[in-house]
Amino acid sequence: MIENRKGMLIVISGPSGTGKGTLCERLFDNDTSIHFSVSATTRAPREGEIDGVHYHFITDQQYDEWLAQGAFLEHATVHGHRYGTLKQPIEESIERGENVLLDIDPQGAISVMEQKPDCVSIFILPPSYDALRVRLHTRNTDDPKEIQKRLGNARGEVKQLHRYQYVVINDHLDMAYEQLYHIIAAEKQRTTRYFPIIEDF
Ligand code: 5GP
């Protein structure tokens, strides 16, 4: 049997503090076919974030240059910082039959859905607004002003939920991960992406 697979673009969004990052890390640990798309951003790195791994941390000038060169598949200002998805590494990855995961905000996600209608779009919801507030405070990665900004933007982000194909509520991490895993597992088996050849047929 010969396996033939076309790479898949997976777009994941959800308010800051929903636990998207943890869910995505589990996916990368358990499924080596999924590759993270490293975005460019003008925001400052947080403690422990590595340039080229978590983001390409760039200056406004570099961002403007990449924008002018058409290097971004999508770009958006989120919580007052600029972010962009680089086109070339994604195209190369998909070409190699890899699955590429984009963790981007709804503005960017909707733009990707319009440009790449065969992408898989998933929205991660927190169980409540209060849970989000608690998580943002306990993870301790952002200052109180930044947290307020992120909480303020969360309601607007959740309003875009209906634009996505799938929704997962991250109430319980293991259950949310199971759902995410199964969505991706099913999407991989679509006949538009998977073309196995059985030699004796
Ligand atoms: P953070 O600053 O917490 O890493 O990310 C803030 C928000 O920006 C998150 O919702 C994240 O999904 C989004 N984001 C990260 N990279 C990109 C990107 O390349 N494009 C867009 N549109 N949003 C992004």
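These remarks concern the structure in this document. Note on numbering: residues in each chain are counted from 1, in written sequence order. Owing to the predicted nature of the model, reporting of local features is limited to residues with pLDDT of at least 70; listing and counting of side-chain atom pairs is limited to 80 or more, with chain, interface and lining totals taken over all residues. Heavy atoms from the whole structure form the basis of all side-chain values; hydrogens and water molecules are not counted.

Some remarks on the nonpolar core
Line of reasoning, step 1. Among the buried residues, those of types Ala, Val, Leu, Ile, Met, Phe, Trp, Tyr and Cys that are joined through side-chain atoms within 4.5 Å form a nonpolar core. Here's how the labels work: a residue is buried when its accessible area is under 20% of the maximum for its type, exposed when over 50%, partly exposed in between, all with a 1.4 Å probe on protein chains only. The biggest cluster of nonpolar side chains holds 17 residues, and the ones touching the most others in it are Ile 10, Ile 12, Ile 122, Leu 180 and Ile 184.
Line of reasoning, step 2. By definition, any uninterrupted DSSP run of H or I lasting at least four residues is a helix, any uninterrupted run of E lasting at least two residues is a strand, and each is numbered from the N terminus. Contributions of two or more residues to this core are made by β1 (9-13), α1 (20-30), β8 (120-125) and α7 (173-188).
Line of reasoning, step 3. Any two residues whose heavy atoms approach within 4.5 Å are treated as being in contact. In contact with Ile 12, other than residues within four places in its own chain, are Lys 20, Cys 24, Leu 101, Leu 102, Asp 103, Ile 104, Ile 122, Ile 124 and Leu 180.
Line of reasoning, step 4. Among the nonpolar cores identified, the runner-up in size contains 15 residues, and Val 11, Ala 109, Ile 110 and Leu 125 belong to it.

Quick word on the packing of α1 against α7
Line of reasoning, step 1. Interaxial distance between α1 and α7 falls to 10 Å at its minimum, and their mutual angle equals 55°. In terms of their interaxial angle, α1 and α7 are classed as oblique. In the packing of α1 onto α7, the handedness of the crossing is right-handed. Across the interface between the two elements, Thr 22, Leu 23, Arg 26, Leu 27 and Asn 30 of α1 pack against Leu 173, Asp 174, Ala 176, Tyr 177, Leu 180, Tyr 181 and Ile 184 of α7.
Line of reasoning, step 2. The classification used treats Ala, Val, Leu, Ile, Met, Phe, Trp, Tyr, Cys and Pro as nonpolar, Asp, Glu, Lys and Arg as charged, and all other residues, Gly among them, as polar. In terms of residue class, the contact of α1 with α7 is made up of 8 nonpolar, 2 polar and 2 charged. Only the stretch in contact is used when fitting a helix axis, every axis being a line fitted to C-alpha atoms; angles between N-to-C directions are given from 0 to 180 degrees. For classification purposes, angles smaller than 35 degrees are called roughly parallel, those larger than 145 roughly antiparallel, those between 65 and 115 roughly perpendicular, and all remaining angles oblique. For a crossing to be left-handed, the near helix must be turned anticlockwise from the far one by less than a right angle; the clockwise case is right-handed.

Concerning the packing of aromatic side chains
Line of reasoning, step 1. Pairing of aromatic rings covers Phe, Tyr and the six-membered ring of Trp, with a centre-to-centre limit of 6.5 Å; geometry is then stacked below 30 degrees between planes, edge-to-face above 60, and tilted otherwise. For the structure shown, the criterion picks out 7 aromatic pairs.
Line of reasoning, step 2. Between Tyr 55 and Tyr 83, the ring centres sit 5.8 Å apart and the planes meet at 55°, which makes this aromatic pair tilted. Taken together, the residues span a long stretch of sequence, with Tyr 55 in the loop between β3 (40-41) and β4 (56-57) and Tyr 83 in strand β6 (residues 81-86) at a distance of 28 residues.
Line of reasoning, step 3. Using a relative accessible area of 18% as the deciding quantity, one classes Tyr 55 as buried.
Line of reasoning, step 4. Measuring from centroid to centroid gives 5.0 Å for Tyr 63 and Phe 72, while their planes differ by 40°, and the two rings are tilted. Accessibility classification places Tyr 63 together with Phe 72 in one group, the buried group.
Line of reasoning, step 5. Aromatic ring contacts, followed pair by pair, group Tyr 55, Phe 57 and Tyr 83 into a single cluster.
Line of reasoning, step 6. Its guanidinium or amino end placed over the ring of Tyr 177, Arg 26 lies 5.5 Å from that ring's centre, counting from NZ or CZ.
Line of reasoning, step 7. Criterion for a charge above a ring: Lys NZ or Arg CZ within 6 Å of the ring centre, and within 35 degrees of the ring normal. Its guanidinium or amino end placed over the ring of Tyr 129, Arg 155 lies 3.8 Å from that ring's centre, counting from NZ or CZ.

Observations concerning the pattern of salt bridges
Line of reasoning, step 1. Here, a salt bridge means any Lys or Arg side-chain nitrogen found within 4 Å of an Asp or Glu carboxyl oxygen. Scanning the entire structure with this criterion turns up 18 salt bridges.
Line of reasoning, step 2. Salt-bridge contacts for Arg 26 lead to Asp 174; the nearest nitrogen and oxygen are separated by 2.9 Å. Within this pair, whereas Arg 26 is found in helix α1, its partner Asp 174 is found in helix α7, the two being separated by 148 residues in sequence.
Line of reasoning, step 3. For Asp 174, a relative accessible area of 40% translates into the label partly exposed.
Line of reasoning, step 4. As a salt-bridge pair, Arg 190 and Glu 187 come within 2.7 Å of each other at their nearest N and O atoms.

Considerations on the pairing of strand β7 (residues 99-103)
Line of reasoning, step 1. Among the 5 residues in β7, 4 count as buried, and that is most of the element.
Line of reasoning, step 2. For two strands to count as paired, DSSP must find a minimum of two bridges between them. Pairing between β1 and β7: 4 bridges, direction parallel. Across the sheet, residue Val 11 finds its bridge partner in β7, namely Leu 102.
Line of reasoning, step 3. Relative to β7, strand β2 (residues 34-36) runs parallel, the two sharing 3 bridges. Looking at the pairing, Ile 34 lines up with Asn 99 of β7.

A look at the sheet that holds β7
Line of reasoning, step 1. The 5 strands are arranged β2-β7-β1-β8-β9 in an open sheet whose pairing can be described as parallel. This sheet does not close on itself; its edge strands, each paired only once, are β2 and β9 (166-169). Across the sheet, the mean angle from the axis of one strand to that of its neighbour is 25°, orientation sign disregarded.
Line of reasoning, step 2. With 4 bridges joining them, β8 and β9 adopt parallel strand pairing. By the bridge assignment, Phe 123 is partnered in β9 with Val 167.

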